[in-house]
Amino acid sequence: MSSSGKEVILQGSNVVAHVDGHWLRNYAVDFLAAAQAFQAPENRFSPVRYYLICHSIELALKAFLFTAGYKKKDRKKLNHDLEKALDAAEENGLAQYIEISHKERESIEKANMLYPRKEFEYFESLETIYDPHDFELDVLDGLAKRLIERIDAPIKATIFE
């Protein structure tokens, strides 16, 4: 998207490229790489990896939704709700490309208790600092990796007309 919020279309002679889903997927890759490179401090809790992994999942789901033709206004209504984004993606064909396990779905639900409220960014309550929801970051990390891999083909298939 351009800074004005309009879809960016690159057009050469007889070729039109829709790159927004591709860029969103690339950003998902970047956030996941940052999460994997981050080293948490030894003696205190840090929400940084939680945020980066959740944001990677959000971007990957929204990249898929863009590719599936989900309108921008509808993507915005999802806000940062990972469960709603996952449900919308599944309603729009995500299951053709990836199966979400029960454990992954549970991990999304747990993360969704804090992520949409921006608790991993601003932690306005002690809830984030003490990690009471028993997050399984390895499960979320694995989901993000698989999601990014599996949506690559459908996204690439829609870039060029």
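Bear in mind the structure is a predicted one, so any value in this text is a computation, not a measurement.

## Thoughts on the overall build of the chain
Turning to step 1, where the next piece is worked out: When helices and strands are tallied, the chain shows eight helices and two strands.
Turning to step 2, where the next piece is worked out: The N-to-C order of helical and strand elements in the chain reads β-β-α-α-α-α-α-α-α-α.
Turning to step 3, where the next piece is worked out: For the chain, the proportion of its 161 residues judged to be buried stands at 43%.
Turning to step 4, where the next piece is worked out: Across the chain, contacts joining residues at least 24 apart in sequence account for 69% of those joining residues at least 6 apart.

## A closer look at the environment of Tyr51
Turning to step 1, where the next piece is worked out: Following the sequence through the fold, Tyr51 ends up in helix H2 (residues 48–67).
Turning to step 2, where the next piece is worked out: In this structure Tyr51 comes out as buried when scored by relative accessible area, which is 17%.
Turning to step 3, where the next piece is worked out: Separated by 16 residues in the primary sequence, Tyr51 and Ala35 have C-alpha atoms spaced 8.3 Å apart.
Turning to step 4, where the next piece is worked out: Not counting the four nearest positions on each side in its chain, Tyr51 is found in contact with Phe31, Tyr115, Phe120 and Glu121.

## Topic: the packing of aromatic side chains
Turning to step 1, where the next piece is worked out: Considering all chains together, one arrives at four aromatic pairs under this definition.
Turning to step 2, where the next piece is worked out: Taking 6.4 Å as the distance between ring centres and 80° as the angle between the ring planes, the aromatic pair formed by Phe31 and Tyr51 counts as edge-to-face. Taken together, the positions of Phe31 in helix H1 (residues 20–37) and Tyr51 in helix H2 put the pair 20 residues apart, joining distant regions of the chain.
Turning to step 3, where the next piece is worked out: Judged by relative accessible area, Phe31 falls into the partly exposed class, the value being 25%.
Turning to step 4, where the next piece is worked out: On the numbers, 5.5 Å between centres and 40° between planes, the contact of Tyr50 with Phe120 is tilted. Pair noted here: Tyr50 is in helix H2 and Phe120 is in helix H6 (residues 119–122), with a separation of 70 residues, a long-range link.
Turning to step 5, where the next piece is worked out: Note on Tyr50: relative accessible area 10%, which makes it buried.

## A word on the side chain of Glu58
Turning to step 1, where the next piece is worked out: Of note, Glu58 is situated in helix H2.
Turning to step 2, where the next piece is worked out: There is a polar contact of 2.3 Å between the side chain of Glu58 and the side chain of Tyr115.
Turning to step 3, where the next piece is worked out: If we skip the residues at most four places from it in the chain, Glu58 touches Asn79, His80, Leu82 and Tyr115.

Cut-offs and rules
- All chains use their own residue numbering, which begins from 1 and follows the written sequence.
- Reporting in this predicted model follows two pLDDT cut-offs: at least 70 for local features of residues, and 80 or more for side-chain atom pairs to be given and counted; totals over whole chains, interfaces and linings ignore these cut-offs and use all residues.
- Side-chain descriptors were evaluated using all non-hydrogen atoms of the structure, hydrogens and water having been removed beforehand.
- By definition, any uninterrupted DSSP run of H or I lasting at least four residues is a helix, any uninterrupted run of E lasting at least two residues is a strand, and each is numbered from the N terminus.
- Relative accessibility thresholds used throughout: buried, under 20% of the residue-type maximum; exposed, over 50%; partly exposed, between the two (1.4 Å probe, protein chains only).
- Here a residue-residue contact requires only that any non-hydrogen atoms of the pair lie within 4.5 Å.
- Paired rings are identified among Phe, Tyr and Trp, the last through its six-membered ring, by centres lying within 6.5 Å, and are further divided according to the angle between planes into stacked (under 30 degrees), edge-to-face (over 60) and tilted (the rest).
- The term polar contact refers here to a pair of N or O atoms within 3.5 Å; inside protein, the definition further demands a hydrogen-donor-capable atom paired with an acceptor-capable atom, and it admits residues adjacent in sequence only when both atoms are side-chain atoms.

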